[in-house]
Amino acid sequence: MEQKEHDKFMRMAILISKQNVEKLLGGPFGAVIVKNGKVIAKSANKVTTSNDPTAHAEVSTIRLACKKLKTFDLSGCVIYTSCEPCPMCLGAIYWAHIDTIYYANTKKDAATIGFDDQFIYEELDLPMEKRKLPVIQLLRDEALQAFKLWDTSEMKIEY
């Protein structure tokens, strides 16, 4: 794909982010997923209007793309996002098997206006017992039963 095409899709993501703020629909983030030069899905951040902390632009766009393509595997797709993805979105992009991430604003730009994800990156680097959010394991033996069922299930799909 030529640079002109990349710029076109990034401008789309940026426009979505601006319109989201102008229309009071959510934070200043937009994303577009493209496959073979065609837009598959696009969305903005919908956290505050949907009361869903996972409704970031990238995650919302991934959900729409998966629904449209009827698959959880977005191999062959690229994502254009108006800002460097946060840890949650980055994880979702990896799980979706998206080929490439193009971004505009940096995480430092986002931190400047109050969207600071650095503490999550720092927390992930710590052993669980040193994190601010308590993480306590319970009933592993009982929970393993579901894993054993999945391991022998005929609907098991590797991903």
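First things first, this report covers the structure right here in the doc. (Residues numbered from 1 in each chain as written. Predicted model: local features only at pLDDT ≥ 70, side-chain atom pairs only at ≥ 80, totals over all residues. Heavy atoms only, no water.)

### Looking at the side chain of Asn45
Here comes step 1: For Asn45, the location among the structural elements is in the loop between β2 (38–44) and α2 (47–50).
Here comes step 2: At 3.1 Å, the side chain of Asn45 and the backbone nitrogen of Val47 are in polar contact.
Here comes step 3: Once residues within four sequence positions are removed from consideration, Asn45 is found in contact with Asn20, Leu25, Gly26, Gly27, Phe29, Ala55, His56 and Ala57. (Helix = DSSP H or I, 4+ residues; strand = E, 2+ residues; numbered from the N terminus. Polar contact = N/O pair within 3.5 Å; in protein donor to acceptor, adjacent residues only side chain to side chain. Contact = heavy atoms within 4.5 Å.)

### A few points about the environment of Pro85
Here comes step 1: With respect to the helices and strands, the residue Pro85 is situated in the loop between β3 (77–83) and α4 (87–96).
Here comes step 2: Contact partners of Pro85, with chain neighbours within four places excluded, come to Glu58, Leu90, Ile93, Ile101 and Tyr121.

### Some points on unusual backbone geometry
For residues besides glycine, phi is generally negative; the peptide bonds are generally trans as well.
Here comes step 1: In the Ramachandran plot, Leu24 falls in the positive-phi region, its phi being about 55 degrees despite a non-glycine side chain.
Here comes step 2: Summarising the element assignment, Leu24 is placed in the loop between α1 (3–22) and β1 (30–35).
Here comes step 3: Of note, Asn51 is a non-glycine position whose phi angle comes to about 55 degrees, a positive value.
Here comes step 4: Structurally, the position occupied by Asn51 is in the loop between α2 and α3 (57–69).

### Section: the pairing of β3
Here comes step 1: Counting buried positions over the seven residues of β3 gives seven, a clear majority of the element.
Here comes step 2: The pairing of β1 with β3 spans five bridges and is classified as antiparallel. Bridging across to β3, Val32 finds its partner in Tyr80.
Here comes step 3: Remark: the β3/α4/strand β4 (residues 100–105) crossover connection has right-handed handedness. (Buried < 20%, exposed > 50% of the residue type's maximum accessible area, 1.4 Å probe, protein only. Pairing = 2+ DSSP bridges. Right-handed = clockwise from strand over helix to strand, strands pointing away.)

### Overview of the pattern of salt bridges
Here comes step 1: Tallying each qualifying case throughout the model produces three salt bridges.
Here comes step 2: Between Glu5 and Lys8 there is a salt bridge, with its nearest N and O atoms 3.6 Å apart. Taken together, the positions of Glu5 and Lys8, both in helix α1 and three residues apart, correspond to about one turn of that helix.
Here comes step 3: Look at Lys8 and you get partly exposed, because its relative accessible area is 39%.
Here comes step 4: Residue Asp52 pairs with Arg63 through a salt bridge whose shortest N-O separation is 3.7 Å. (Salt bridge = Lys/Arg side-chain N within 4 Å of Asp/Glu carboxyl O.)

### Focus: the packing of α3 against α4
Here comes step 1: At their nearest, the axes of α3 and α4 sit 8 Å apart, and the two run at 25 degrees to each other. Relative to α4, the element α3 lies roughly parallel. Helix-helix and strand crossings are classified by hand; for α3 and α4 the assignment is left-handed. Residues Glu58, Val59 and Ile62 of α3 lie in contact with α4, whose contacting residues are Met88, Cys89, Ala92, Ile93 and Ala96.
Here comes step 2: Residue classes in the contact of α3 with α4 are distributed as seven nonpolar, no polar and one charged. (Axes fitted to C-alpha atoms, helices over the stretch in contact; angles between N-to-C directions. Parallel < 35°, antiparallel > 145°, perpendicular 65-115°, else oblique. Left-handed = near helix turned anticlockwise from the far one by under 90°. Nonpolar A, V, L, I, M, F, W, Y, C, P; charged D, E, K, R; others polar.)

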